[in-house]
Amino acid sequence: EAIQVLLQCKEDIEKATDFAQNWDKPDVWVILGKSQLEAKMVKEAISSFLKAEDPQYFEDVIFAAKAGSLYEELIDFLLMARAKLKNPILDNELIYSYAQTEKYGELEDFLNTKNNAKYPDVGERLFNEKLYLPAKIIYKHIKDNSKLALCYV
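Model, not experiment: these values are computed from the prediction.

Visitor: For this particular structure, what's the right way to read helix α8 (residues 104–111)?
Guide: Counting along an α-helix, one turn takes 3.6 residues, and residues three or four places apart therefore face a common direction. All buried positions along α8 are accounted for by Leu107, Phe110 and Leu111. Angular distribution of buried residues about the axis of α8 spans 100°; they occupy a single face of the element. Turning to α8, the residues buried within the fold contact α6 (71–84), α7 (88–100), α9 (119–128) and α10 (132–141).

Visitor: Got a minute to help me understand the environment of Leu79 in this structure?
Guide: Here Leu79 shows up in helix α6. Classification of Leu79 as partly exposed rests on a relative accessible area of 38%. Taking the C-alpha atoms as reference points, Leu79 and Leu50, separated by 29 residues in sequence, lie 9.9 Å from one another.

Visitor: When you look at the packing of aromatic side chains in this model, what are you seeing that I'm missing?
Guide: Enumeration over the complete set of coordinates arrives at five aromatic pairs. Arranged with centres 5.8 Å apart and planes meeting at 10°, the rings of Phe19 and Trp23 form a pair that is stacked. Here Trp23 and Phe19 lie together in helix α2 (residues 13–23), a separation of four residues that amounts to about one turn. Given a relative accessible area of 23%, Phe19 falls into the partly exposed group. Between Phe49 and Tyr57, the ring centres sit 5.8 Å apart and the planes meet at 45°, which makes this aromatic pair tilted.

Visitor: Explanation requested: α2 in the structure shown.
Guide: Turning to α2, its buried residues number three or more, namely Ile13, Ala16, Thr17 and Ala20. Angularly, the buried residues of α2 cover 105° about the axis, an arc narrow enough to put them on a single face. Away from its buried face, by an angle of more than 90 degrees, α2 presents the exposed residues Glu14 and Asn22. Count one or two residues on from α2 and you reach Asp24, which has phi positive near 50°.

Visitor: Which parts of the structure should I look at to understand the side chain of Arg82?
Guide: Within the secondary structure layout, Arg82 lies in helix α6. Here Arg82 falls in the buried class, since its relative accessible area comes to 18%. In contact with Arg82, not counting residues within four places along its chain, are Leu90, Asp91, Leu94, Phe110, Lys114 and Asn115.

Visitor: Looking at this structure, I do not really get unusual backbone geometry. What am I missing?
Guide: Most peptide bonds adopt trans geometry, and most residues besides glycine take a negative phi value. Phi is positive for Lys40, close to 65°, though the residue is something other than glycine. Note that Lys40 resides in the loop between α3 (26–38) and α4 (42–52). Even without glycine at this site, Lys143 takes up a positive phi of about 60°. The residue Lys143 is located in the loop between α10 and α11 (145–152) in this model.

Visitor: Can you help me understand the nonpolar core in this one?
Guide: One recurring pattern in soluble globular proteins: nonpolar side chains tend to sit buried together. Residues Leu74, Phe77 and Ile95 are the most contacted members of the largest nonpolar core, which totals 45 residues. Examining the composition of this core, we find that seven residues originate from one element, α6, more than from any other. Ignoring sequence-local partners within four residues, the contact set of Ile95 consists of Leu107, Phe110, Leu111, Ala117, Tyr119, Val122 and Ile138.

What counts, and where the lines are drawn
Residues numbered from 1 in each chain as written. Predicted model: local features only at pLDDT ≥ 70, side-chain atom pairs only at ≥ 80, totals over all residues. Heavy atoms only, no water. Buried < 20%, exposed > 50% of the residue type's maximum accessible area, 1.4 Å probe, protein only. Helix = DSSP H or I, 4+ residues; strand = E, 2+ residues; numbered from the N terminus. Arc of directions from axis to C-beta. Contact = heavy atoms within 4.5 Å. Phe/Tyr/Trp six-rings, centres within 6.5 Å; stacked < 30°, edge-to-face > 60°. Core = buried A, V, L, I, M, F, W, Y, C linked by side-chain atoms within 4.5 Å.

Right, here's the structure in full:
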């Protein structure tokens, strides 16, 4: 309740952050993370959600992180979220984030693990955004030779 008073009545994210660090409880970090997200403090929000180990706002985090091109930070959040939830959106966005950060080794490793990604969708998205190298990695993995050939053209 104290953190909500700081955030709603005083609108003081800095003091709320100090409170969260002292209290160090997952629900406090989640409340702070949500407020930081609403205040467009995306890096800080991701950090708060990581401390809470809570992925409940994953769609909002993904949207905000992509809008700010914060793919490095998003990778950490998605890895935490995947440990708690099984959702193709998380896996698709993790692949996309690896591609955006040119972490092709991690991308290949991820493709070789059990996951819920929709490879054709992510491959097409990467191809349409002219990210041909990661698109090739995906098309090669799923043995889609017609799409793979387009990446070479």
